[in-house]
Amino acid sequence: MLEKRYDHRRVEKDKYERWKNKGYFASGDLSKEPFCIVIPPPNVTGKLHIGHTCDNTIQDIIARYKKMQGFDVLYLPGMDHAGIATQAKVMEKLRKMGRDVTKITREEFLKWAWEWKDEYANAIHEQWAKMGLMLDYSKERFTLDEGLNYAVRTVFVDLYHKGLIYQGERIINWDPVQMTALSNVEVIHQDDRGFMYYFKYRLEDNSDFLVVATTRPETMFGDVCVVVNPQDKRYVNFIGKKVINPANHQAIPVISDDYVDVSFGTGAMKCTPAHDPNDFVLGEKYNLERPIIFNKDATMNEKCGSYQGIDRFVCREKLVKNIEKEGNFVKKEEIIHSVGHSERSDAIIEPMLSKQWFVKMLPLAEKAIKNQENTDKKVEFIPERFEKVFIQWMEKVEDWCISRQLWWGHRIPAYYHNKTGELCVSIEAPEDIENWTQESDVLDTWFSSALWPFSTLGWPNETEDFKRYFPTDVLVTGYDIIFFWVSRMIFQSLEMANERPFKQVVIHGLVRDELGRKMSKTLGNGVDPLQVIKDYGADALRYFLTTNSTPGQDMRYIDEKVQASSNYLNKIWNSARYVLSVLGEDYVETPLTKEMLSPLDQWIINRLNRCINNVTFNMEKYDFNAASSHLYNFVYDDFCSQYLEMSKVALSSDNLEQVAATKAVLLKCLKNIILLISPYTPFIAEELYCSLPSHLPSVMLESYPQYEGDMVDENRDYQVDLLFNLIKDVRHYKIENSLAPNAKLSLSLYLKKEVFDGFLTYLKRFTFSDIKLVNTSHHKGESHVYNEAELFITDNINKKEVIAKINKDIEVLISEIKRCENMLNNANFLAKAPQEKIDLEREKLTKHQENLAVLRDKLSKLS
């Protein structure tokens with residue numbers, strides 16, 4: 001027998017280990033059709049955040065749903081080494097331990113990094129267990145494991161020999177805190193306050209000057225020329241002459257190029273080829289020098305004279321003051337401009353010329369775009385609109401900088417001969433390795449992550465798992481990493497495996513805070529999934545995360561909604577307790593046929609089948625919110641609010657066949673509710689399922705409910721709907737007239753169509769009223785008209801008592817309205833209270849005023 005109270009702690013205890021030990025998560029049943037989901041690998045930088053939890057929950061719902069449908073489901077677990085983030089965390093830990101990180105060798109660091117990985121991998125395993133994820137741990141992978149490292153080396157070498165990977169000097173995004181290059185998608189552009197500075201660049205003979213504007217005065221040390229538009233009449237006389245750079249007093253030429261926009265700024269542009277991507281292009285065009293003026297930590301280098309060793313922003317302030325003293329400063333204007341920040345360290349990115357490894361993206365992007373034109377081979381984006389996002393990004397994609405100046409990652413398989421400098425790129429190290437030095441850089445984390453769908457299944461070897469499960473069936477991820485990850489998996493898979501990585505990709509939105517803000521450490525508004533699980537249970541969190549937004553849309557984390565999810569599960573728990581108490585401990589399940597069903601039984605069976613149909617339809621579309629809404633409505637409106645109450649009449653009947661049928665219907669409905677909700681909330685589903693009179697060892701061995709057309713007959717549903725409408729309108733009448741729920745009324749009923757036997761018994765029982773059948777549509781009392789009948793309600797209420805009660809309620813409301821108005825008229829309250837509190841008081845005031853109007857209307861009708 002179920003406990004009286006639903007306690008998520010007790011219900012969720014020990015079930016996961018039991019499922020795991022029994023082998024319920026295992027894949028490999030060759031008698032079934034394969035279905036594969038590869039988990040988006042979380043970073044081993046700490047515990048999982050709410051976004052990961054959302055990913056995992058959706059994946060697990062799909063995995064459990066497909067398993068119940070009879071598929072051989074492989075839900076493959078794994079983790080990502082997260083190069084920059086993990087190295088930063090490990091370095092921070094070593095500093096706190098008092099270690100001098102500048103003196104640590106690569107080998108020493110890697111030892112610490114692997115220990116870190118093991119520690120946090122265990123923490124992630126624990127969180128997966130608490131969430132109930134149906135993962136096949138026998139297939140678990142890590143992006144730095146031996147097999148994936150071999151896959152990475154294979155891909156790198158292959159792309160290199162195809163000319164799709166090259167080494168070259170380009171302007172890259174340099175993170176001066178992590179001291180590594182970043183790809184464009186690892187840079188977050190945000191609007192920052194800054195200044196536009198204007199300086200005089202004087203002709204060598206000081207006869208005239210032109211004014212140049214810049215937001216980064218410190219880069220003036222790298223200026224090699226000033227560029228003007230040849231059509232700009234203001235500067236025609238300057239072209240071909242030299243001007244003095246006010247930063248270092250060097251003479252630099254004035255050249256002309258159509259690239260310069262005459263209407264932007266002053267129309268005269270400083271050119272710094274080593275520290276601006278557009279200037280770099282001009283530098284290549286005119287073969288200009290490319291002096292680098294920053295050290296790796298963004299301090300000024302030896303080319304900056306007395307400013308050498310100074311931080312770039314300190315240099316900016318000092319340089320502007322010195323130029324102003326020399327009379328070459330014109331003005332500065334405060335602006336808001338887009339500034340690139342490192343996604344990992346939040347440092348302002350410094351564009352810098354550097355020799356790095358790049359992937360040539362154009363051929364790969366063209367192949368990916370072309371593949372989307374093939375209906376049979378394309379990746380289906382759900383929702384469809386995100387395919388356009390993918391295509392647009394691929395059309396504009398630039399070459400991808402894949403080298404990182406780190407130790408934690410896949411070391412690039414390139415070797416330089418110690419004497420000749422010859423470059424060797426190969427999967428395995430040269431045999432005479434003592435004569436070679438391997439490239440010290442590692443690959444961008446996303447390079448290995450891009451191979452995840454096929455490398456995890458054993459590629460480049462033709463393993464049985466690769467042949468059976470690739471391409472994978474579905475990927476679930478947030479829209480924020482379409483560029484980082486989804487696009488890269490698609491083009492790498494097409495190039496290396498000649499196949500799409502997954503048939504479908506389900507895109508969900510971000511989980512934001514209650515105010516709609518993105519969660520961040522800065523705002524301190526993050527949500528710890530483990531704390532939510534402790535407070536409300538994994539089932540409640542899982543249900544909330546998948547039922548509170550439409551596909552692809554952001555959701556807001558609202559504690560009350562998680563509580564509401566828990567309340568819903570409690571509703572199912574209580575309904576199960578009722579049904580099981582009715583059945584009794586010795587109940588033997590009875591086969592149910594249509595002939596056994598009363599009109600009320602038939603009505604709920606019809607509703608159940610409609611629910612199964614709607615839920616399945618939406619599950620197939622991965623619209624879990626819509627699917628759960630259909631089940632929720634069935635549970636609350638049809639089963640609990642209507643049928644459970646009505647069943648009490650049938651169960652008290654002397655007709656034993658009717659009692660048996662009703663019990664069988666109750667069990668059938670309850671069992672199907674448990675099975676339908678089990679992918680969402682596996683823990684409570686397991687507890688309830690194993691409490692049923694007859695069951696398999698686990699709900700995980702059950703089949704998904706199917707529509708039973710032979711049990712459906714809606715011909716008499718109108719009679720049951722009429723009964724419910726009559727009861728509802730009588731109850732509404734009592735509420736409107738401030739009558740007690742059990743107040744006795746006089747009901748006159750004119751029937752236009754036949755009703756089932758016992759119809760009036762149910763009506764009398766649930767309206768607490770006397771009923772008289774009449775044969776005319778004209779009768780005294782409040783009239784309610786239906787297609788099948790007309791109802792006339794009269795009452796014998798004591799008007800004085802009702803009026804007195806309404807007046808008392810009016811007094812309470814007036815008092816509350818005055819309280820709200822006083823608060824909202826209080827300047828001190830408005831100045832100090834949080835906006836949410838002010839909005840809440842305004843909502844209360846509006847609600848009280850509306851209720852007061854309703855009560856006064858009632859009073860006027862009674863007077």
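The structure under discussion appears in the preceding block.
Quick summary incoming for the structure in this document.

Parameters at a glance
Residues numbered from 1 in each chain as written. Predicted model: local features only at pLDDT ≥ 70, side-chain atom pairs only at ≥ 80, totals over all residues. Heavy atoms only, no water. 1 Å grid on protein atoms, 1.4 Å probe; cavity = no way out; pocket = protein on both sides within 12 Å on 5 of 7 lines; lining within 4 Å. Points joined across faces, edges and corners; volume = space filled by probe spheres on them. Helix = DSSP H or I, 4+ residues; strand = E, 2+ residues; numbered from the N terminus. Nonpolar A, V, L, I, M, F, W, Y, C, P; charged D, E, K, R; others polar. Buried < 20%, exposed > 50% of the residue type's maximum accessible area, 1.4 Å probe, protein only. Axes fitted to C-alpha atoms, helices over the stretch in contact; angles between N-to-C directions. Parallel < 35°, antiparallel > 145°, perpendicular 65-115°, else oblique. Left-handed = near helix turned anticlockwise from the far one by under 90°. Contact = heavy atoms within 4.5 Å. Pairing = 2+ DSSP bridges. Phe/Tyr/Trp six-rings, centres within 6.5 Å; stacked < 30°, edge-to-face > 60°. Lys NZ or Arg CZ within 6 Å of the ring centre and 35° of its normal.

With that settled, the discussion passes to empty space enclosed by the protein. According to the stated counting rule, one finds three cavities of 30 Å³ or more in the structure shown. Quantified by volume, the largest cavity comes out at close to 190 Å³. If you trace the largest cavity, you find 22 residues lining it, with Ile58, His508, Ser549, Thr550 and Pro551 closest to the centre. Elements represented by at least two residues in the lining of the largest cavity include exactly α3 (50-68), β23 (502-508), α16 (538-547) and α19 (624-651). Quantified by volume, the second largest cavity comes out at close to 60 Å³. Taken together, Arg64, Lys67, Met68, Ser678, Val699 and Met700 form the lining of the second largest cavity. Of the residues belonging to the lining of the second largest cavity, the class tally is three nonpolar, one polar and two charged.

In this section: the environment of Thr477. The topology assignment puts Thr477 in strand β22 (residues 472-478). A relative accessible area of 0% places Thr477 in the buried class. Considered as a pair, Thr477 and Gly51 are 426 residues apart in the sequence and their alpha carbons are 9.1 Å apart.

This part covers the packing of helix α17 (residues 559-583) against helix α20 (residues 656-677). Relative to each other, α17 and α20 sit at 150°, their axes nearing to 10 Å. Taken together, α17 and α20 sit at an angle that is classed as roughly antiparallel. Crossing handedness for the pair α17 and α20: left-handed. Contact residues: α17 offers Tyr568, Leu569, Ile572, Ala576, Val579, Val582 and Leu583, while α20 offers Lys663, Leu666, Leu667, Leu670, Ile673 and Ile677. Partitioning the contact of α17 with α20 into residue classes produces 12 nonpolar, no polar and one charged.

Moving on, we get to the sheet that holds strand β19 (residues 423-425). Read from one edge of the open sheet, three strands run β19-β18-β20, paired in antiparallel fashion. Looking at the sheet topology across the chains shown, the edges are occupied by β19 and β20 (436-438). With strand direction ignored, the average angle separating the axes of adjacent strands in the sheet is 30°. Note that strand β18 (residues 414-417) and β20 share three bridges and pair antiparallel. When the bridges of β20 are listed, Tyr416 appears paired with Thr437.

The next subject is the sheet that holds strand β27 (residues 770-773). The strand order β27-β26-β29-β28 describes an open sheet built from four strands, whose pairing is mixed. A single partner strand is all that each edge strand has here, and the edge strands are β27 and β28 (782-785). This sheet shows a mean twist of 20° between the axes of neighbouring strands, independent of strand direction. Across four bridges, strand β26 (residues 745-751) lies against β27 in parallel orientation. Along β27, the bridge assignment pairs Leu749 with Leu773. The sheet contacts of helix α22 (residues 717-736) involve β26, β28 and β29 (789-795), and relative to β29 the element is tilted by about 25°. Across the sheet, helix α23 (residues 759-767) lies against β26 and β27, angled at about 145° from β27, the strand it touches most.

A ring pair, where both rings are aromatic, is described by two values, the distance of the centres and the angle of the planes. Using the criterion set out here, one finds 41 aromatic pairs in the structure. With centroids separated by 5.1 Å and ring planes inclined at 85°, the aromatic side chains of Phe454 and Trp459 adopt a geometry described as edge-to-face. The exposure class of Phe454 is buried, given its relative accessible area of 0%. Taking the relative accessible area as the measure of exposure, Trp459 reaches 9% and is therefore buried. Geometrically, the ring pair formed by Phe624 and Tyr680 is edge-to-face, given 6.4 Å between the ring centres and 85° between the ring planes. Pair noted here: Phe624 is in helix α19 and Tyr680 is in the loop between α20 and α21 (682-689), with a separation of 56 residues, a long-range link. Across the pair, exposure class does not vary: Phe624 and Tyr680 are buried alike. Among the aromatic residues, those joined into a cluster by ring pairs are Tyr543, Tyr568, Tyr622, Phe624, Tyr632, Tyr636 and Tyr680. The ring of Trp19 has Arg64 lying over it, and the distance from NZ or CZ to the ring centre is 4.9 Å. For the cation-ring pair, Lys111 lies above Trp112, with the distance from its terminal atom to the ring centre recorded as 5.1 Å.

On to the pairing of strand β1 (residues 34-38). Taken across its five residues, β1 has four buried, putting it largely inside the fold. Of the pairings in the sheet, the one linking β1 to strand β2 (residues 72-76) comprises five bridges and is parallel in character. Paired with Val38 across the strands is Leu76, a residue of β2.

For the rest of this paragraph, the subject is the pairing of strand β9 (residues 225-228). Where burial is concerned, the two faces of β9 agree: the one with Cys225 and Val227 and the one with Val226 and Val228 are both buried. Both β9 and strand β12 (residues 268-271) contribute to a ladder of four bridges, which runs antiparallel. Bridging from a neighbouring strand, Val227 pairs with Met269 of β12.

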